[in-house]
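# What the coordinates show
Below, each chain spelled out in residue letters.
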Amino acid sequence: MRAFLWAVLIPALLPVLFIFLYIYRADKNEREPIRFVLKVMLMGAIFALPCGFIESGMESILQQYYDPETIKYAFMENTVGVALIEELSKWLVFLFFVWKSKDFDHTFDGIVYGASASLGFAAIENVMYVIDYGTGVSISRAIFSIPGHTTFGLFMGYYMSRAKMRSVNKKFIGLAKIKALLIPTILHGIYDFLLSEQAGNLTYLFIFYVIFLDIISLKLIRKQSKKDESFYGEQTYRPSPSDNDVYYSEPVDERDSE
């Protein structure tokens, strides 16, 4: 039994660990508390569990409106029936567990937490695939699926950081939050569509698309790491006593504390 667990967990989780460490170490300013980051990753895995059931229900609904043998159905299934549901689960993790955390206080933090939620999702998905199809799938998933999920999480975190900036108005915050869900869904939907059976003749396009995602992911990580900055500048913040230091309060003028 122990040998079986190691045979499943090592190939399923090792790529997740490598990518996580690369992104976590790229946070040069003030690294996030590892316990909280791992909690976000765990929540990403937990929120992934009901997605399969929801996707099955969505598939049944889509089949009532589209012929399953058509390209149109493949596009709708992979964008609305899969990508939207999976990215929504990660987006909810970010919204419920990260958005109001006092540790989400720098622009690169969004990258770390978005990637962590996505890697948690990818980890549990990877374990399920290895159990169902054997360790042979771990190599292809390490090359394609896990970096793909990471990219979607990076863009989600990037736009969540933009929403968090205190210099923007509420209308922009709402728009950035929508982009944090919409952009990863579009990227994910295109990924799944190019990988679908109906688009089987687009294999080379899929490979180029994955390479493109990998390149922009690396550029986004490096760029955001170099320009990492606090959302609040040099202002002083006073935590609210009612939230046990979990949430931050509004900016406080230094003169108020004198």
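Residues numbered from 1 in each chain as written. Predicted model: local features only at pLDDT ≥ 70, side-chain atom pairs only at ≥ 80, totals over all residues. Heavy atoms only, no water.

## Some remarks on the packing of aromatic side chains
Under the defined criterion, the tally for this structure stands at 13 aromatic pairs. Consider the rings of Phe152 and Tyr191, whose centres lie 6.1 Å apart with planes at 80°: the pair is edge-to-face. Highlighted residues: Phe152 in helix α6 (residues 136–164) and Tyr191 in helix α7 (residues 170–195), separated in sequence by 39 residues. One exposure class covers both Phe152 and Tyr191, and it is buried. One aromatic cluster is present, formed by Phe36, Phe94, Trp99, Phe104, Tyr113 and Phe231 through successive ring pairs. Just above the ring of Phe121 sits the side chain of Lys90; from NZ or CZ to the centre is 5.0 Å. The side chain of Lys164 reaches across the aromatic face of Trp99, ending 4.7 Å from its centre. (Phe/Tyr/Trp six-rings, centres within 6.5 Å; stacked < 30°, edge-to-face > 60°. Helix = DSSP H or I, 4+ residues; strand = E, 2+ residues; numbered from the N terminus. Buried < 20%, exposed > 50% of the residue type's maximum accessible area, 1.4 Å probe, protein only. Lys NZ or Arg CZ within 6 Å of the ring centre and 35° of its normal.)

## Regarding the confidence of the model for the protein
For the protein, mean pLDDT is 85; residues scoring 70 or higher make up 83% of the total. Of all the helices and strands in the protein, strand β1 (residues 236–237) carries the lowest mean pLDDT, 41, while helix α2 (residues 34–48) carries the highest, 97. Every residue in residues 235–258 scores below 50 in pLDDT, and together they form 34 contacts with partners more than four places removed in sequence or on other chains. (pLDDT = per-residue confidence, 0-100. Contact = heavy atoms within 4.5 Å.)

## Considering the nonpolar core
Of all hydrophobic cores here, the largest spans 50 residues; its most connected members are Ile23, Val40, Phe104, Tyr113, Leu154, Met160 and Tyr191. Sorting the residues of this core by element identifies α1 (2–25), α2, α4 (71–98), α5 (107–133), α6, α7 and α8 (203–226) as the ones contributing at least two each. Per-element tally for this core: the top contributor is α5, with nine residues. Leave out the neighbours within four places in its chain, and Phe104 touches Phe94, Val98, Trp99, Asp109, Gly110, Tyr113, Met160, Ser161, Lys164, Phe231 and Tyr232. (Core = buried A, V, L, I, M, F, W, Y, C linked by side-chain atoms within 4.5 Å.)

## Quick look at the pattern of salt bridges
This model, assessed by the stated rule, comprises three salt bridges. In this structure, Lys90 engages Glu87 in a salt bridge whose closest nitrogen and oxygen atoms are separated by 2.9 Å. Taken together, the positions of Lys90 and Glu87, both in helix α4 and three residues apart, correspond to about one turn of that helix. With a relative accessible area of 0%, Glu87 lands in the buried category. The salt bridge involving Lys102 is made with Asp103; its shortest N-O contact spans 3.6 Å. With relative accessibility at 40%, the residue Lys102 sits in the partly exposed group. (Salt bridge = Lys/Arg side-chain N within 4 Å of Asp/Glu carboxyl O.)

## Things to note about the packing of α2 against α4
Where α2 meets α4, the axes come as close as 9 Å, and the angle between the chain directions of the two elements is 140°. Taken together, α2 and α4 sit at an angle that is classed as oblique. Handedness of the α2/α4 crossing: right-handed. On α4, the residues that touch Phe36, Lys39, Val40, Met43, Gly44 and Phe47 of α2 are Ser89, Leu92, Val93, Phe96, Phe97 and Val98. (Axes fitted to C-alpha atoms, helices over the stretch in contact; angles between N-to-C directions. Parallel < 35°, antiparallel > 145°, perpendicular 65-115°, else oblique. Left-handed = near helix turned anticlockwise from the far one by under 90°.)

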